[in-house]
Amino acid sequence: MVNSPVRAYSALLVVVAAAISGAVILSGFVAIDFVLDTVTVWGYMAAVGVMIVCAVISWLTDLPGILSSEFGSGGQ
């Protein structure tokens with residue numbers, strides 16, 4: 001398959017979404033009162049949902065392979 005910028009940046013978008021939702025989930029373990037006041041329960045549940053969707057996308061596509069072929073050094 002030909003490498004395309006859409007494929008590369010879509011994979012990067014999935015990683016960024018997972019990182020942001022992971023930060024929200026992690027902050028829920030550190031300071032739950034602050035998170036529930038700012039993000040609310042629905043936002044916290046949405047972050048968990050986004051993390052699950054990102055995991056499924058990563059599982060269905062070879063996300064690490066796409067990222068390493070598009071953004072990696074390729075052994076050079």
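Source: prediction; values computed, not measured. (Residues numbered from 1 in each chain as written. Predicted model: local features only at pLDDT ≥ 70, side-chain atom pairs only at ≥ 80, totals over all residues. Heavy atoms only, no water.)

### Side note on the overall build of the chain
Broken down by element type, the chain carries four helices and zero strands. When the helices and strands of the chain are read in sequence order from the N terminus, they spell out α-α-α-α. Scaling as 2.2 N^0.38, a compact globule of 76 residues should have a C-alpha radius of gyration of about 11 Å, whereas the chain reaches 15 Å, well beyond that. Once the C-alpha set of the chain is aligned to its principal axes, its extents read approximately 45 × 25 × 20 Å. Looking at the chain as a whole, 20% of its 76 residues are labelled buried. Relative to all contacts within the chain whose residues are 6 or more apart in sequence, the contacts with residues 24 or more apart total 65%. (Helix = DSSP H or I, 4+ residues; strand = E, 2+ residues; numbered from the N terminus. Rg over C-alpha atoms; globule rule 2.2 N^0.38 Å. Buried < 20%, exposed > 50% of the residue type's maximum accessible area, 1.4 Å probe, protein only. Contact = heavy atoms within 4.5 Å.)

### Overview of a nonpolar patch on the surface
Residues Y9, L12, V16, I20 and F71 make up a contiguous nonpolar surface patch of roughly 480 Å² in combined accessible area. At four residues, the largest contribution of residues to the nonpolar patch is made by helix 1 (residues 5-30). Position of Y9 relative to the elements: it lies in helix 1. (Patch = residues over 30% accessible without salt bridge, like charges linked within 9 Å, V, L, I, M, F, W, Y side chains within 5 Å. Areas by Shrake-Rupley, 256 points an atom, 1.4 Å probe, with all protein chains shown as cover. Salt bridge = Lys/Arg side-chain N within 4 Å of Asp/Glu carboxyl O.)

### As for the packing of aromatic side chains
If you walk through the whole model with that rule in mind, you get one aromatic pair. Ring geometry for Y9 against F71: centres 5.7 Å apart, planes inclined by 65°, an arrangement best described as edge-to-face. One end of the pair, Y9, is in helix 1; the other, F71, is in helix 4 (residues 63-71), with 62 residues separating them in the sequence. Overall, the relative accessible area of 51% leaves Y9 in the exposed class. (Phe/Tyr/Trp six-rings, centres within 6.5 Å; stacked < 30°, edge-to-face > 60°.)

### With respect to the UniProt feature "transmembrane region" (unreviewed entry) in the chain
Under the UniProt annotation, "transmembrane region" (unreviewed entry) lies at residues 12-35 and 41-60. Helix makes up 96% of residues 12-35 and strand makes up 0%, while its end C-alpha atoms are separated by 26 Å. Split by type, residues 41-60 is 100% helix and 0% strand. Its first and last C-alpha atoms lie 29 Å apart. (UniProt positions renumbered as here; feature names shortened; annotations may be inferred.)

### Observations concerning the confidence of the model for the chain
Scored by pLDDT, the chain has a mean of 89; 91% of the residues are at 70 or more. Of all secondary-structure elements in the chain, the lowest mean pLDDT belongs to helix 4, at 86, while helix 3 (residues 40-60) reaches the highest, 95. (pLDDT = per-residue confidence, 0-100.)

### Details of helix 3
In an α-helix there are 3.6 residues to a turn, and that puts residues three or four apart on one side. Taking 1.5 Å per residue as the helical rise, helix 3 with its 21 residues ought to reach 30 Å, and the 30 Å between its terminal C-alpha atoms agrees with that figure. By the burial criterion, the buried members of helix 3 are Y44, A47 and C54. The buried residues of helix 3 all sit within an arc of 75° when viewed along its axis, so they share a single face. Facing away from the buried side of helix 3 by over 90 degrees, the exposed positions are W42, I52, W59 and L60. Contacts made by the buried residues of helix 3 are with helix 1 and helix 2 (32-38). (Expected span 1.5 Å × (residues − 1). Arc of directions from axis to C-beta.)

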